[in-house]
Each structure stands twice: as C-alpha cells, then as structure tokens.
Amino acid sequence: MKVYTDSDADGAVLKQGKVAVIGYGSQGRAHALNLKNSGCDVIVGVRPGGKGDTQAKADGLTTAPVREAAEQANVICMLTPDMSHESIYEEDIAPALNDGDCISFAHGFTILYGRVKPPENVDVIMVAPKGPGDLVRREYERGRGVPCLFAVHQDATGNAKARALSYASLIGGTTAGTLETTFREETETDLFGEQAVLCGGATELVMKGFETLTEAGYRPEIAYYECLHELKLIVDLLYEGGIAKMHDFISETAAYGDLTSGPRVINDETKNRMREVLTDIQNGTFAQNWILENQTGKVKYDQMMRTDLNHPIEETGKELRSLMPWLQDGANTKGS
C-alpha cells in the first residue's frame, strides 16, 4: 500500500478558498488551528456565545453561526459528534452548498449509514487522524504529525483526492504518513477497534482482572496497580516497537506468563465474540441501535455509563491518582 507523504500533497489546493470548520471540540480545535497556522483562511462554525465560540475566539480564530460559516466557505469540515451531523447538515449546511464545494469528515459513519446525503455537485472526502485532537495539535506544533487516513466518497470536481491530500498535509498528516482507504473500511475497522479492543475490550479486561484479584482477597489498591496503572507501561512499549519491543523490555518471567497464559484468557471463544461484534457493525445493527438510542433519549446508554463509572476500580483509582502529582491538571505545564 502506498504511504502518502508531504511530497505527494499540494497544500496550496486548500488555500484557494475559505475553510469552514464546523464544531470546536477536540478534533475541531486541532484542525482549525493547524489549518490556520498552515496558511489557510479558516472560519469556525459554532453556536454564538457557546463554549466553542468563546474558546475559538480566545485562540485567535474567526467564528460565525454554522450557516454563515458554511456560506462563506468552499470547503466545509464536519467535526461535531456523529449523531449531530444529520440535523446540522439539513438545517445549515445543505442550504449553503454551491457547485464544486467540498464536504469533509473525520469519520465515515455519517456517510456510510446514510445519515447525510450530499448532492452530486459537491466533493465528499474524509481525512481521519489516527489520534485524539490534542495529540494532532501537539505533534503539529512540534513540526511532526499524526498519521491520517483519507478517502474520497464523491468526486464531483475531479479534484477531490487532491483536496483530501492537501487537507491531510495542512494538519500534519502527510508528515507522519497518510494512507488511502474507503468510508466503509475506515468506519467498520474504527468501530470494531473501539468496541473489541481499544475501549470495550481493554476496559472490560481491566475490570475483570481487578474483580478477580479483589474477590480472591487481594487489596483493591494492589489490584489497581497491577491491572490498570501498569497497562500504560505495556501499551507504550507496544506503541513504540510492537510486540518485539515489549518482549525485549519485560522480564523473562513476564514473557513466559504472556506466552502461556495469554491464550488461556483471550482465545478462540473471545475471537468468536469479536466476529459477532464485527458482524453487527458490517450489517448495520450497531449503527441502527446507536441511532435509535439517541432518538429515544439515551436512557440505556446513561444507565450503562453509570454502572461503569460506579465500578469499585473507579473509586480506588481516584484515590491513588490523587497521590500522583504528575497526573493533575496543569502539572506538565506549570512554569511554562
């Protein structure tokens, strides 16, 4: 697979008009600031007087109501939460579109599941950084970047791919390496990763490990350190050098336990459950359930969230983290 770098992208493509960043959350802030610092004419579409409006203005950016921002721009970046896209598009974006405009997304959910159906006379692209907005911004400020995925769903102008690569380059993506994908591939793999491994899988593994130790009579503080706190140390090794680096930096005892006990916990039964998760994503069941949950007020979602946040590991962790000054807000920026 080709890895697109700075030499493959023309940053000037996106600088030929105005870019509207809709939303000013984690990704919205990072994209808007990186685009501006790269020389783009940027306007941020937000609710007047809201938190995003206040923060964007404090950051030196021009803001406007969403409809007005979209009317001024020829590239419109949808960076609000997925479930808000449909109403924002219908009320403010669709009426502002002109021939040859471009709508960009950071995740394929909205397009793949038909929540938004742009007209045939506009480009529809995706540029998805593989990291949270805070990291996208920090790495850009260091002259580096976060790897991105990009895709073209609709090429009305013949210039959609160039626009996507230009966008990726201006937020730092091509500096780190950018891969081409499709809206379907990005969405389905992203949802699966979140549910089966990164969020759902990891947190359930941590909590079940904590429960196993505490139910066997071990103190919760010790269980917290072993099952949650030290997870970051292992993940950092995996992130930096894969499984090989992890094995290089852990003890032989830990490596032996990894090789012999890992498959006892995560095995073919687990993989079968993962396949079920993937099937629900591929056939649209997950999307339908999540959309319905939002339409009915997120009652089940809120109940499940409360259950998670009331788990004993949360109280133990809160107490232990209070003893770690490097984790407190502002600890890493004090005196800077």
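Residues numbered from 1 in each chain as written. Predicted model: local features only at pLDDT ≥ 70, side-chain atom pairs only at ≥ 80, totals over all residues. Heavy atoms only, no water.

**With respect to the overall build of the protein**
Looking only at helices and strands, the protein has 17 helices and 9 strands in total. The C-alpha radius of gyration computed for the protein amounts to 22 Å, which stays within 12% of the reference 20 Å derived for 336 residues, consistent with globular compactness. The principal-axis extent of the C-alpha atoms belonging to the protein is close to 65 × 50 × 45 Å. Every one of the 336 residues in the protein was classed for burial, and the buried ones make up 39%. Partitioning the contacts of the protein with sequence separation of at least 6, the portion at a separation of at least 24 is 65%. Where the 33 positive side-chain charges of the protein centre and where its 49 negative ones centre are 3 Å apart. (Helix = DSSP H or I, 4+ residues; strand = E, 2+ residues; numbered from the N terminus. Rg over C-alpha atoms; globule rule 2.2 N^0.38 Å. Buried < 20%, exposed > 50% of the residue type's maximum accessible area, 1.4 Å probe, protein only. Contact = heavy atoms within 4.5 Å. Lys, Arg positive; Asp, Glu negative; His and termini not counted. Charge placed at Lys NZ, Arg CZ, Asp CG, Glu CD.)

**A look at a nonpolar patch on the surface**
Residues Leu231, Val235, Leu238 and Ile243 make up a contiguous nonpolar surface patch of roughly 320 Å² in combined accessible area. Structurally, Leu231 can be placed in helix 12 (residues 231-249). (Patch = residues over 30% accessible without salt bridge, like charges linked within 9 Å, V, L, I, M, F, W, Y side chains within 5 Å. Areas by Shrake-Rupley, 256 points an atom, 1.4 Å probe, with all protein chains shown as cover. Salt bridge = Lys/Arg side-chain N within 4 Å of Asp/Glu carboxyl O.)

**Details of unusual backbone geometry**
In this model, Lys298 sits at a positive phi of 55 degrees, which is unusual for a non-glycine residue. The exposure class assigned to Lys298 is partly exposed, which follows from its relative accessible area of 29%.

**So, the environment of Gln16**
Position of Gln16 among the secondary structure elements: in the loop between strand 1 (3-4) and strand 2 (18-22). Remark: the alpha-carbon pair of Gln16 and Ile76, spanning 60 residues in sequence, is separated by 14 Å.

**Here's the deal with the pattern of salt bridges**
Applying the stated criterion across every chain, the model contains 19 salt bridges. Its salt-bridge partner being Arg29, residue Asp59 comes within 2.8 Å of it at the nearest N-O pair. A residue pair is termed long-range when its members are at least 10 positions apart, and Asp59 in the loop between helix 2 (51-58) and strand 4 (62-64) and Arg29 in helix 1 (residues 26-37) qualify at 30 residues. In this structure Arg29 comes out as partly exposed when scored by relative accessible area, which is 30%. Among the charged side chains, a network of salt bridges with common partners joins Glu139, Arg142 and Arg144.

**What to know about the nonpolar core**
The nonpolar side chains of a soluble globular protein tend to be buried, and buried together. Counting residues in each nonpolar core, the largest one holds 30 residues, and the members touching the most others are Leu14, Tyr24, Leu35, Leu61, Val127 and Tyr167. A per-element tally of this core places helix 7 (residues 160-170) first, with 6 residues. Ignoring any residue separated from it by four or fewer positions in sequence, one finds Leu14 in contact with Val19, Leu35, Cys40, Val75, Arg163, Ser166, Tyr167 and Leu170. Judged by nonpolar contacts, the second largest core, of 26 residues, contains Ala70, Ile103, Met126 and Ala128. (Core = buried A, V, L, I, M, F, W, Y, C linked by side-chain atoms within 4.5 Å.)

**What to know about the packing of helix 9 (residues 183-198) against helix 10 (residues 200-215)**
At a minimum axis distance of 3 Å, the contact between helix 9 and helix 10 shows a crossing angle of 10 degrees. With respect to helix 10, the axis of helix 9 lies roughly parallel. Mapping the contact onto sequence places Glu194, Gln195, Ala196, Val197 and Leu198 in helix 9 and Gly200, Gly201 and Ala202 in helix 10. (Axes fitted to C-alpha atoms, helices over the stretch in contact; angles between N-to-C directions. Parallel < 35°, antiparallel > 145°, perpendicular 65-115°, else oblique.)

**Some remarks on the side chain of Arg115**
Among the structural elements, Arg115 can be located in the loop between helix 5 (109-112) and strand 7 (123-129). Not counting residues up to four positions away in its chain, the partners in contact with Arg115 are Met83, Glu86, Thr110, Ile291 and Gln295.

**Looking at the packing of aromatic side chains**
Here the structure, examined in full by the defined rule, presents 4 aromatic pairs. Plain terms: the ring middles of Tyr224 and Tyr225 are 6.2 Å apart, the flat faces sit at 65 degrees to each other, and that makes the pair edge-to-face. Tyr225 sits in the partly exposed class, given a relative accessible area of 29%. Sitting above the plane of the Tyr4 ring, Lys2 keeps its charged end 5.0 Å from the centroid. (Phe/Tyr/Trp six-rings, centres within 6.5 Å; stacked < 30°, edge-to-face > 60°. Lys NZ or Arg CZ within 6 Å of the ring centre and 35° of its normal.)

The values are spatial; any link to function lies outside them.
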